[in-house]
Amino acid sequence: MMLLRSCLTFVLELFYGPLAPLYPWLTHLLFGRNWHEWRRSVLPWIHEARTIADIGCGPGDLAVDLATPERRVLAIDRSRSMLHLARRRLSRIGKRLPIAILCADARALPIADSSLDAVVMTFPTAVVLDPRTRAEIARVLRPGGTFVTVVAVSPKEWPWWLRPCSPLLRRLMPTAEEGSAYALPLPGDTKLVGQWIRTAHPSGTVYLWVAQRVGPSDA
């Protein structure tokens, strides 16, 4: 199973490079509309935030949902191919939204200290376990700011065309137990204090790690 997951990870990496235009099609094939609904689980936790970073924004669908006339969103991804999709997504909307698109590594964010109300990541890669990532998130959040991570999901059912493969797919999906490392204290985490949250959806149970930035401002 570990070998199969390693192969799957390698294939998925291609969707952040040359196969990026197929990424929206892939997520719809695997999860239908549920993928985006699961990612939207972050919304109740950041409704008062006025400045938000969506790290690993992909094609920008969640960033569009996060943006309001009163809320500025930084859509950040290390993949230029994904950010190209995000720009196309914004151009198709036909109205200006307060979204800035940045190509950056989560371990070195080009953002001022204590300048954000919230940071969100949805189904992040292992980069979130890097102490440098967690330290950067703590640095850019203001005291009392929120960090929300959608870590895992337990689907109730799969699209009908994938149901014959559902036993294998369930084994490949990350579980809350496997994602427990997201909530472990790591170097750089002294300013992030969080808890596990389970959110029930008609399509399944979503597991989030919700943390707050504590301590004085770094500014």
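Up top you'll find the structure we're talking about.
These figures come from a predicted structure and were not determined experimentally.

Throughout the structure, instances matching the rule amount to zero disulfides. No disulfide involves cysteine 103; its nearest neighbouring cysteine sulfur is the one of cysteine 57, lying 9.5 Å away. By relative accessible area, which is 35% here, cysteine 103 ends up partly exposed.

Among the structural elements, threonine 133 can be located in helix α6 (residues 131-140). Assessed through its relative accessible area of 0%, threonine 133 is described here as buried. Excluding its chain neighbours within four sequence positions, the residues that come into contact with threonine 133 are Ala106, Arg107, Val127 and Val128.

Now for helix α2 (residues 23-31). Every buried residue of α2 is accounted for by Tyr23, Leu26, Thr27 and Phe31. With its buried residues spanning 100° around the axis, α2 presents them on a single face. Phi turns positive, to about 60°, at glycine 32, one or two residues after α2.

Turning our eyes to something else, we now look at the nonpolar core. Core analysis: the largest hydrophobic core is formed by 33 residues, its most contacted members being Ile46, Leu66, Ile99 and Val120. Each residue touching isoleucine 99, except ones within four places of it in the same chain, is listed here: Ala63, Val64, Ala67, Val73, Ala75 and Leu90. Val128, Val140, Leu192 and Ala211 belong to the second largest nonpolar core, which has 24 residues in total.

Taken as a whole, this structure holds nine salt bridges when the rule is applied. One salt bridge connects arginine 40 with glutamate 37, and the closest N-O pair in it is separated by 3.8 Å. In this structure, the salt-bridge partner of aspartate 130 is arginine 107, at a minimum N-O distance of 3.8 Å. Of the two residues, aspartate 130 sits in the loop between β4 (116-122) and α6 while arginine 107 sits in the loop between β3 (99-103) and β4, which places them 23 residues apart along the sequence. The class of aspartate 130 is buried, set by a relative accessible area of 16%.

Analysis parameters
- Residues numbered from 1 in each chain as written.
- Predicted model: local features only at pLDDT ≥ 70, side-chain atom pairs only at ≥ 80, totals over all residues.
- Heavy atoms only, no water.
- Disulfide = S-S within 2.5 Å.
- Buried < 20%, exposed > 50% of the residue type's maximum accessible area, 1.4 Å probe, protein only.
- Helix = DSSP H or I, 4+ residues; strand = E, 2+ residues; numbered from the N terminus.
- Contact = heavy atoms within 4.5 Å.
- Arc of directions from axis to C-beta.
- Core = buried A, V, L, I, M, F, W, Y, C linked by side-chain atoms within 4.5 Å.
- Salt bridge = Lys/Arg side-chain N within 4 Å of Asp/Glu carboxyl O.

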